[in-house]
Amino acid sequence: MSAVIEEHHDHHDHKPTGIGRWLFSTNHKDIGTMYLWFSFIMFFIGGALALVIRAELFEPGLQFVEPELFNQLTTLHGLIMVFGVIMPAFVGLANWMIPMMIGAPDMALPRMNNWSFWLLPGAFGLLIASLVMSLMGMGSAPNFGWTFYAPLSTTYGPASTDYFIFSVHMMGISSIMGAINIIATIMNMRAPGMTYMKMPIFVWTWFITAYLLIAVMPVLAGVVTMMLTDRHFGTSFFNAAGGGDPVLFQHVFWFFGHPEVYIMILPSFGIISQIVPTFARKKIFGYSSMVYATASIAFLSFIVWAHHMFTTGMPVAGELFFMYATMLIAVPTGVKVFNWVSTMWRGSLSFETPMLFAIAFIFLFTIGGFTGLMLCIVPADFQYHDTYFVVAHFHYVLVTGAAFGIMAGVYYWIPKWTGNMYDETLGKWHFWLSVISVNVLFFPMHFLGLAGMPRRIPDYSLQFAEFNAVASIGAFVFGFTQLIFLYNVIKTARGKTSVKATSQVWEGAEGLEWTLPSPAPFHSFTTPPQVK
Amino acid sequence: MSAAIRVAGLISLLLFSAQSMAGYQLNMKPGVTSFSQGAYEIHTMVMWICVAIGVVVFGAMLYSIINHRKSKGAVASDFHESTALELAWTIVPFLILIVMAIPATRILLDMEDVSNPDLSIKITGYQWKWNYDYNVGENAQDISFFSNITTPDALHKSTNGGVAKDKDYLIEVDKKLVIPTNKKIRLLITSNDVIHAWWVPAFGVKKDAIPGFINESWINVPEPGIYRGKCAELCGANHGFMPVVVEAKSEADYNAWIASQKAVATAAAASANKTWTKEDLMAQGEKVYATTCAACHQASGAGIPNVFPALKGSAIATGPVAKHLNIVLHGVTGTAMQAFAGQMNDADLAAVITYERNAWGNNTGDMVQPSDVKAAR
Ligand code: HEC
Ligand code: HEM
Ligand SMILES: [Cu+2]
Ligand SMILES: [Cu+2]
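Residues numbered from 1 in each chain as written. Chains lettered and ligands numbered in written order. Predicted model: local features only at pLDDT ≥ 70, side-chain atom pairs only at ≥ 80, totals over all residues.

Peer 1: How do you make sense of the overall build of chain B when you look at a structure like this?
Peer 2: When you go through chain B residue by residue, the secondary structure sums to ten helices and ten strands. Over its C-alpha atoms chain B spans a radius of gyration of 28 Å, topping by over 25% the 21 Å that the globule rule assigns to 377 residues. Expressed as lengths along the three principal axes of its C-alpha atoms, the size of chain B is roughly 95 × 50 × 40 Å. Out of the 377 residues belonging to chain B, those deemed buried represent 37%. Within chain B, counting contacts between residues at least 6 apart in sequence, those at least 24 apart form 64% of the total. (Helix = DSSP H or I, 4+ residues; strand = E, 2+ residues; numbered from the N terminus. Rg over C-alpha atoms; globule rule 2.2 N^0.38 Å. Buried ≥ 20, exposed ≤ 12 C-beta atoms within 10 Å, placed from the backbone. Contact = placed C-beta atoms within 7 Å.)

Structural data, given as structure tokens:
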């Protein structure tokens, strides 16, 4: 039997062709590519919604959308960015890089890999269809925010809420299967000699993220299922009139939601931990403390959820517990930042595009971490909560954190994927325009929040006009700058850049992926490399 | 050099234009209560600690970005481990956190102490207005009213353009919450439909209004004045349009206000017993409709397709009176159409129903009297 399999493997390096190559793909690189393109397309759709929102908020008054539609836009923007952009992009990077980094031929469960990708277009097709139908005058799309608090989403939810529930179930199944696959791959397919404490940090962060996903995606599935039965089958989990409690919804949601925010950052921590040593030409500082810090963050993320709920009227003992626990997260997060800075310290730095994004990540993510620390101080959170201050906080951690991490990763690895060097000049344009505009966009939101502007409002009173105008200008520049990124990626993928990549690609890069030729062969390591 | 001059020019331009901007605000304000001042104090402290940490961390990073460049011939050292350093940057932040946690805990414990109030007020969130009820707890007064935004036309794209964008835009209400100064006032906060949050920054109070549950908070406002806030929790389409306005009055003025409210209530009760003319009903009905119904059904009566039904030409508003009365009194459960029986008096209900049956070409000619409403309750 095993002889048959081996023989089969021998002829395997010619790729399947046509649409079948993609539809039926079991190849980690092709599936990774599909995940990344999916995420990229969703990024532009979610971004377009954001630009409509920012256009509406450019000046006081209602100019472009009615308040009902505004709420649908913010909801879809949030859902698409969280579940359709950040998470699939990370899974795409994991698919591409984990087998290459651990010396494996492919992912452990290739057919499940195919299925977990192909659920996503269905899930998002359904969600986006609800917005298209709303624009065509057929009912409202989900309009309760990406946090879909009951009873706004249950008793008061539009008919499309059921689409939303189904869509979330599909995303959840997709994420769980992706996570199982990653864990199975990392546990079973490491090259001989690659012990856990020799794995690249990116692999470590994804390993931990995958456990977080398996732990909390079922909770998300649970909460939407409870919504479903409240809506249609006479239960009253979240309905006080029937003996339930709307706040229970928030507890269940945030028990998923807070680990989720770490799901959206840990892989970026991993990417940054790969890039900084390469361009500092120096080993990562404190490898093992990086691993332990990641694990502590993951653990703590399970016991801080109610910091999103300080204004719901918790007992004061609860408020104190969640405040202290949240403060603790700052310690391992700080360790990571200090380690990156020390990796750069007395290195031999160069500043290609991936490194520029990584440096911006460290600066700007840290600012998001600072505002996070401010937010967990309960008496002050009573003022910040549900204002633009929170909007500023999570965009610093998600856009200049998670998304900049992904962009850094794409620039870093695209020569390996395509065999072509990307256009460095365009990369630098993309970087500088992004990093300036993103701050013009999000920094003033701190001021708006502190001055008292609530989030999720389609119109505002005059004292907020100036900074909203500034933020909207930043938004349009940031949005259109991403077209440079798109162009650069397409140009590189199509081999229209002049420079071919070597297998090493970056002078200071270390790790198994750089021992493979560029572009990497269809099956990564057919014979496992030996790691010393 | 010339680049430096240009940058300096740009910065001064920005500063100058910042000064010429009207009314913007960069930081949290200390507010007037002990909580809002506590929040401000701890906000300021934590912010400056963060700035200080930032200066150190970003300073180190900038230093190595400038000095440890390959292009300047820097050679990488082998500095990749240091137990002492790693211990230091685990323990020092921990100590800093303790420094923050102590005042935060003190301020919080003070806020949560709702004992021994002088007076209680129940605040109920509705889609999209606030109800203030003084008829609870200590010193109860038989006063209860709704507080609506004054500019319902601002809520729709088609009519928003006609609303003046002045200092009152979106922040003014028809009836303010009136409170006495220097009294400990307990706030009982709840909701009639979805979750709202009652927030007045100058008081440092933000509490969710949750249907079926009552949250408590308290305020003690030292200075007479007008304090403004907003609903802070997404509560549906018009979440952006439910301002909070509180007027703090000295004790004497407050008592005078209580007396005047009682007089208004007596007059309203009297008007409920008289028989109204059609003109009076229509005039009153138009007012009630604009403040209470137009947010959903639109001033034009056309509603919003698929969300809020049109009343213009609707089968209910032009059909039997009893059915119309019933839907307005008892609402439609599970939809945004609330039961208005508990929200309005007989005269206002009679007026608004009469108005709906005769406005926008719904020329039924019907008249509904307060006595009809009373009978139907
Ligand atoms: C928060 C939004 C909202 C407000 C405010 C509101 N309504 Fe409604 N109204 C609705 C909705 C939604 C329906 C449809 C209910 C259903 O699905 O049957 C409705 C239905 C009605 C109907 C039945 C119309 C028909 O043809 O089916 C009448 C009459 C009506 N409302 C009167 C009023 C009056 C009078 C007021 C003000 C005192 C008012 N409404 C305020 C949302 C609102
Ligand atoms: C030092 C680390 C962090 C701390 C202490 C922290 C703390 C907080 C707190 C207290 C809130 C609630 C604010 C409120 O609603 O009043 C919050 C909101 C939020 N945080 Fe963080 N945070 C941290 C890092 C992150 C990271 C890494 C992410 C994601 C990558 C993230 C994403 C979010 C999001 C999305 C919200 C808003 C949720 C909503 O819609 O209400 N945060 N954070
Ligand atoms: Cu959280
Ligand atoms: Cu609201």
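Peer 1: How should I be thinking about the sheet that holds strand E7 (residues 205-209) of chain B in this particular structure?
Peer 2: Strand pairs in the sheet, formed through backbone hydrogen bonds, run parallel or antiparallel to each other. Residue and element names in this part refer to chain B. Taken in spatial order, the five strands line up as E4-E10-E9-E6-E7 in an open sheet, and their pairing is mixed. Edge positions in the sheet fall to strand E4 (177-180) and E7, since each of these pairs with one other strand and no more. Across the sheet, the axes of successive neighbouring strands diverge by a mean angle of 25°, strand direction being ignored. Bridging between strand E6 (residues 196-200) and strand E9 (residues 225-231) involves two bridges; their strand directions are antiparallel. Residue tryptophan 198 lies in a different strand from E9, and its bridge partner there is cysteine 231. Across the sheet, helix H5 (residues 251-273) lies against E4 and strand E10 (243-249), angled at about 135° from E4, the strand it touches most. (Pairing = 2+ DSSP bridges. Axes fitted to C-alpha atoms, helices over the stretch in contact; angles between N-to-C directions.)

Peer 1: It is not clear to me how the interface of chain A and chain B should be interpreted in this structure. Could you clarify?
Peer 2: One frequently used descriptor of interface size is the decrease in accessible area upon assembly of the parts. With 81 residues of chain A in contact, the opposing surface of chain B contributes 86 residues. Considered class by class, the residues forming the side of chain A that touches chain B number 48 nonpolar, 22 polar and eleven charged. (Nonpolar A, V, L, I, M, F, W, Y, C, P; charged D, E, K, R; others polar.)

Peer 1: Would you mind going over the domain arrangement of chain B with me for this structure?
Peer 2: As far as domains go, chain B holds domain 1 (25-68 + 80-113), domain 2 (119-267) and domain 3 (274-376). Averaged C-alpha coordinates put domain 1 of chain B and domain 3 of chain B at centres separated by 56 Å. (Domains from an automatic or database assignment.)

Peer 1: Can you help me understand the packing of helix H9 (residues 266-280) of chain A against helix H12 (residues 353-375) of chain A in this one?
Peer 2: Any two packed helices are characterised by how steeply their axes cross, that is the angle between the axes, and by the distance between the axes. Residues and elements named next belong to chain A. It is at 9 Å that the axes of H9 and H12 come closest, and there the two elements cross at 120°. With respect to their mutual orientation, H9 and H12 come out oblique. By crossing handedness, the relation of H9 to H12 is classed as left-handed. Between H9 and H12, the contacting residues are Ile272, Ile275, Val276 and Phe279 on the first element and Pro354, Met355, Ala358, Phe361 and Ile362 on the second. Tallied by class, residues from the contact of H9 with H12 come to nine nonpolar, no polar and no charged. (Parallel < 35°, antiparallel > 145°, perpendicular 65-115°, else oblique. Left-handed = near helix turned anticlockwise from the far one by under 90°.)

Peer 1: Teacher, can you tell me more about the environment of A:Thr326 here?
Peer 2: Residues and elements named next belong to chain A. One can find threonine 326 in helix H11 (residues 316-344). For threonine 326, a count of 25 C-beta atoms within 10 Å corresponds to the buried category. Residues threonine 326 and tryptophan 305, 21 residues apart in the sequence, show an inter-C-alpha distance of 8.6 Å.

Peer 1: Help me understand the site of ligand 2, please; the structure alone is not making it clear to me.
Peer 2: Residues and elements named next belong to chain A. Around ligand 2 there are 25 residues in total, and Val261, Gly372, Leu375, His385 and Phe394 lie nearest to it. Elements with a minimum of two residues in the shell around ligand 2: H11, H12, helix H13 (378-384) and helix H14 (388-418). Residues of the shell around ligand 2, tallied by class, amount to 14 nonpolar, ten polar and one charged. (Near = placed C-beta within 6 Å.)

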